[in-house]
There are 2 protein chains.
Amino acid sequence: MAQKLDSASRSNLTQSLPQWTFSTERDAIFRSFRFSSFNKAFGFMTRVAMQAEKMDHHPEWLNVYNRVDVTLTTHDVDGLSELDVKMALFMDRIFAQ
Amino acid sequence: MAQKLDSASRSNLTQSLPQWTFSTERDAIFRSFRFSSFNKAFGFMTRVAMQAEKMDHHPEWLNVYNRVDVTLTTHDVDGLSELDVKMALFMDRIFAQ
């Protein structure tokens, strides 16, 4: 069962996830990914979708052509959990490839 | 090259696409699809993504777990075109399967 991130883990976020924006309003993190084509954007989404099923933790995401806007939060804890950090790191890693 | 829908085509929309909502603000159409799981929602998106590449016409869509909110409009004509109608009919057809 996921637990809400404690303050120590939160203060690490800016270091471990420098490209993500923290939203206090929703207790969520956000990143907009841009690709050179829809093909690449949807390829990224497909890799993330399989990881999401494996983790049983799913992003909220908006896709407009080559752009994928991702919001991560954990509904079960009504805020950020370690699952969001893990998912964000996974996305950063495959985006960088 | 796509052309903006004329008024005759527009008046047919409510009959051919009864599940879609027309937004005058953006000259776009909208439908929210709900599935029984993320797997099914993303499977739907994958089928649509391949069709979108084939048509070179891509949806704007937001996915939150089992929900896919779709907005269709044609950027080249700054409004609705026949491509949006074709894409909406394709989505309706595979959703019904």
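About the cut-offs
- Residues numbered from 1 in each chain as written.
- Chains lettered and ligands numbered in written order.
- Predicted model: local features only at pLDDT ≥ 70, side-chain atom pairs only at ≥ 80, totals over all residues.
- Heavy atoms only, no water.
- Helix = DSSP H or I, 4+ residues; strand = E, 2+ residues; numbered from the N terminus.
- Rg over C-alpha atoms; globule rule 2.2 N^0.38 Å.
- Buried < 20%, exposed > 50% of the residue type's maximum accessible area, 1.4 Å probe, protein only.
- Contact = heavy atoms within 4.5 Å.
- Areas by Shrake-Rupley, 256 points an atom, 1.4 Å probe, with all protein chains shown as cover.
- Pairing = 2+ DSSP bridges.
- Axes fitted to C-alpha atoms, helices over the stretch in contact; angles between N-to-C directions.
- Expected span 1.5 Å × (residues − 1).

**Q** I'd like a rundown of the overall build of chain A, residues and numbers included.
**A** Helix and strand counts for chain A come out as 3 helices and 4 strands. Taken from the N to the C terminus, the helices and strands of chain A come in the order α-β-β-α-β-β-α. Computed over its C-alpha atoms, the radius of gyration of chain A comes to 13 Å, within 12% of the 13 Å expected for a compact globule of 97 residues. For chain A, with 97 residues in total, the buried portion stands at 48%. Counting contacts in chain A only where the partners sit at least 6 residues apart, residues at least 24 apart contribute 64% of the total. When the accessible area of chain A is evaluated, it comes to approximately 5,400 Å², of which 49% is carbon and sulfur surface.

**Q** Report on the sheet that holds strand 2 (residues 28-34) of chain A, specifying residues and quantitative values.
**A** Within the open sheet, the 8 strands sit side by side as 1(A)-2(A)-4(A)-3(A)-3(B)-4(B)-2(B)-1(B). Their pairing is antiparallel. Sheet topology places strand 1 (21-23) of chain A together with strand 1 (21-23) of chain B at the edges, where each strand pairs with a single neighbour. The sheet shows a mean angle of 20° between the axes of neighbouring strands, direction not considered. Bridge count for strand 3 (residues 60-64) of chain A against strand 3 (residues 60-64) of chain B is 5 bridges, and the pairing is antiparallel. The partner of E60(A) across the bridge, within strand 3 of chain B, is V64(B).

**Q** Would you mind going over helix 3 (residues 82-96) of chain A in detail, with residue names and values included?
**A** Count 3.6 residues to each turn of an α-helix, and residues three or four apart come out pointing the same way. Helix length check: helix 3 of chain A, at 15 residues, gives a terminal C-alpha distance of 21 Å against a target of 21 Å (1.5 Å per residue), a fit within 8%. Where helix 3 of chain A is concerned, the buried positions are D84(A), V85(A), M87(A), A88(A), F90(A), M91(A), D92(A) and I94(A).

**Q** Could you give me a rundown of the side chain of T71(B), with the residues and numbers involved?
**A** Residues and elements named next belong to chain B. As for its position among the elements, T71 is in strand 4 (residues 67-72). Residue class for T71 comes out buried when judged on its relative accessible area of 17%. Not counting the four nearest positions on each side in its chain, T71 is found in contact with R26, A28, I29, F30, P59 and E60.

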